[in-house]
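Structural overview
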Amino acid sequence: MNAAIAPATTVHHARRLGIAMAAAGAILFSAKAILAKLQYRYGVDSLQVLSLRMAFSLPLFALLGVRETRRARARRALPSRRDWGLIVVLGVLGYYLSSLLDFWGLEYVPVSLERLILFLNPTIVLLIGLFAFKRKVAAKEWIALAVSYAGVVLVMVENLRVQGEHVLLGSALVLGAAVSYALYLAMSGELVKRLGSLQLVAYAMLVSTAAVLIHYLIARDPAALFGLPWQVYALAAANALFCTFLPVTFTMAAVARLGAGTAAQFSVIGPVSLVFLGAWVLGESITLIQLVGTAVVLGGVLLLSRPGANSVPVAPPDKPAAGA
């Protein structure tokens, strides 16, 4: 009897740990917007914020890449020449262009609206499948799309009223980030199956880091990254560790314990947490209409991700495919 109880207890403990990791990963991924907003208070811009974040996270993903390469070599699953070409494209789309547009948009919109727009990612993947791959869209999916976008429009109109017309530019930039990352998801499916999520994300992050730093060297004087207030570097290091690398490992651990579908459901915590974190840390206003719009968007995405709804990955930008 004790032998029968022990496995059940172990499974229950693993599930609780997986839930905790999935929730922590969702909140930490979302909190990068808070840290970026805090850095902007010291006079830096989106390209500087992104460059510092990628530079600080580079050693972590390099070590992850070395570990995954050794594992891949042991099972003879190293990328082919064609795979490397696709990894370069994915790294540019998913972690360079998407992150650049995202941080740029954060200069103009509150973090609650930014995360809400990024949370449209599953609906954008669905639309890419419709137009690029001629995938059939069920009636329930159309309803989910309509509900999600109605919620974002509601919140955007309210932010226009409260904060001004610059919200339109910021929203367009963040939407561009969501589209870029949706393309990453749509193109990465087969590669994830062959290489695994961790190997792909490690390589893609290394490519995107190179792209970001090359962009910075072309556009700016490298010396401008030095001599900044120490708070900028501390926030960049925290962003790299707590809002980039750790969420990747937490979410992968959650996927191993819960499955990708269940772990992905916890990404809904991200937009909700930012509504309150933005008010608490940054002093951003919360109105009833914003709360209603947030609830509407979450409801639409949850409807889209329900079993039997031909769901797509519920993963915001900066979160690898399969919820990694």
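Residues numbered from 1 in each chain as written. Predicted model: local features only at pLDDT ≥ 70, side-chain atom pairs only at ≥ 80, totals over all residues. Heavy atoms only, no water.

Focus: the overall build of the protein chain
The helix and strand inventory of the protein chain stands at twelve helices and zero strands. Mapped from its N terminus to its C terminus, the protein chain presents α and β elements in the order α-α-α-α-α-α-α-α-α-α-α-α. Counting only residues that meet the buried cut, the protein chain has 52% of its 324 residues in that class. Accessible surface computed for the protein chain: about 14200 Å², of which carbon and sulfur atoms make up 71%. (Helix = DSSP H or I, 4+ residues; strand = E, 2+ residues; numbered from the N terminus. Buried < 20%, exposed > 50% of the residue type's maximum accessible area, 1.4 Å probe, protein only. Areas by Shrake-Rupley, 256 points an atom, 1.4 Å probe, with all protein chains shown as cover.)

A word on the pattern of salt bridges
The tally for this structure, following the rule as stated, stands at seven salt bridges. Where Arg 67 meets Glu 68, a salt bridge forms, and the shortest distance between an N and an O atom there is 2.9 Å. Taking relative accessible area as the criterion, Arg 67 reaches 37% and is therefore assigned partly exposed. A residue is classified by how much of its surface remains accessible, and Glu 68, at 6% relative accessible area, is buried. Linking Arg 71 and Glu 68 is a salt bridge whose minimum nitrogen-to-oxygen distance equals 3.7 Å. Placement of the pair is Arg 71 and Glu 68 together in helix α2 (residues 46-74), with a separation of three residues, close to one helical turn. If you follow the salt bridges from partner to partner, you end up with Lys 32, Asp 102, Glu 114 and Arg 115 in one network. (Salt bridge = Lys/Arg side-chain N within 4 Å of Asp/Glu carboxyl O.)

A closer look at the side chain of Ser 112
Within the element layout of this structure, Ser 112 appears in helix α4 (residues 111-118). Relative accessible area serves as the criterion here: at 11%, Ser 112 is assigned to the buried category. Beyond its immediate chain neighbours, meaning those up to four positions away, Ser 112 contacts Leu 274, Val 275 and Glu 284. (Contact = heavy atoms within 4.5 Å.)

Digging into helix α9 (residues 230-258)
Here α9 contains 29 residues, and its C-alpha end-to-end distance of 40 Å stays within 8% of the 42 Å for a straight helix at 1.5 Å per residue. Residue Leu 246 marks the point of greatest curvature in α9, where the axis turns by about 40°; the proline Pro 247 follows within four residues. (Expected span 1.5 Å × (residues − 1). Bend = angle between axes of the 7 residues up to and from the residue.)

Quick notes on the packing of aromatic side chains
Inspection of every chain in the model, using the stated rule, returns five aromatic pairs. Aromatic side chains Trp 84 and Tyr 203 sit 4.8 Å apart centroid to centroid with 35° between the ring planes, which places their arrangement in the tilted category. With Trp 84 in helix α3 (residues 81-105) and Tyr 203 in helix α8 (residues 197-219), this residue pair connects regions lying 119 residues apart in the sequence. For Trp 84, a relative accessible area of 37% gives the class partly exposed. Overall, Tyr 203 belongs to the buried group, its relative accessible area being 6%. Residues Tyr 95 and Tyr 181 carry aromatic rings whose centres are separated by 6.1 Å and whose planes lie at 75° to one another, so their mutual orientation is edge-to-face. With Tyr 95 in helix α3 and Tyr 181 in helix α7 (residues 166-195), this pair connects stretches of sequence that are 86 residues apart. Like Tyr 181, Tyr 95 is buried. Here the aromatic cluster, defined as three or more aromatic residues joined through ring pairs, consists of Tyr 95, Tyr 181 and Tyr 184. Over the ring of Phe 103 we find Lys 32; its NZ or CZ atom is 5.3 Å from the centre of that ring. (Phe/Tyr/Trp six-rings, centres within 6.5 Å; stacked < 30°, edge-to-face > 60°. Lys NZ or Arg CZ within 6 Å of the ring centre and 35° of its normal.)

Here we look at a nonpolar patch on the surface
A grouping of Val 89, Leu 175, Val 179, Leu 183 and Met 187 is seen on the molecular surface, where their side chains present a nonpolar patch of about 330 Å² in accessible area. Take the nonpolar patch: its biggest share by element is four residues, from α7. In this fold, Met 187 is placed in helix α7. The class of Met 187 is partly exposed, set by a relative accessible area of 33%. (Patch = residues over 30% accessible without salt bridge, like charges linked within 9 Å, V, L, I, M, F, W, Y side chains within 5 Å.)

Description of the environment of Gly 94
Along the polypeptide, Gly 94 turns up in helix α3. Residue class for Gly 94 comes out buried when judged on its relative accessible area of 0%. For the pair formed by Gly 94 and Ser 188, sequence separation is 94 residues and the distance between their alpha carbons is 9.8 Å. Non-local contacts of Gly 94, meaning those with residues more than four positions away in its chain, are made with Tyr 181 and Tyr 184.

Considerations on the confidence of the model for the protein chain
Taken over all residues, the pLDDT of the protein chain has a mean of 82, while the share at 70 or more is 88%. For the protein chain, per-element mean pLDDT is lowest for helix α10 (residues 260-265), which scores 62, and highest for α2, which scores 94. Note that residues 310-324 has pLDDT below 50 and, in this model, 71 contacts with residues that lie over four places away or in other chains. (pLDDT = per-residue confidence, 0-100.)

Some words on the packing of α4 against helix α11 (residues 269-282)
Close contact between α4 and α11 brings their axes to 8 Å; oriented N to C, the two are set at 165°. Judged on the interaxial angle alone, α11 and α4 are roughly antiparallel. Crossing hand, α4 versus α11: right-handed. Together, Val 111, Ser 112, Glu 114, Arg 115 and Leu 116 of α4 and Gly 270, Pro 271, Leu 274, Val 275, Gly 278 and Leu 282 of α11 make up the contact between the two elements. Class assignment of the residues belonging to the contact of α4 with α11 gives a composition of six nonpolar, three polar and two charged. (Axes fitted to C-alpha atoms, helices over the stretch in contact; angles between N-to-C directions. Parallel < 35°, antiparallel > 145°, perpendicular 65-115°, else oblique. Left-handed = near helix turned anticlockwise from the far one by under 90°. Nonpolar A, V, L, I, M, F, W, Y, C, P; charged D, E, K, R; others polar.)

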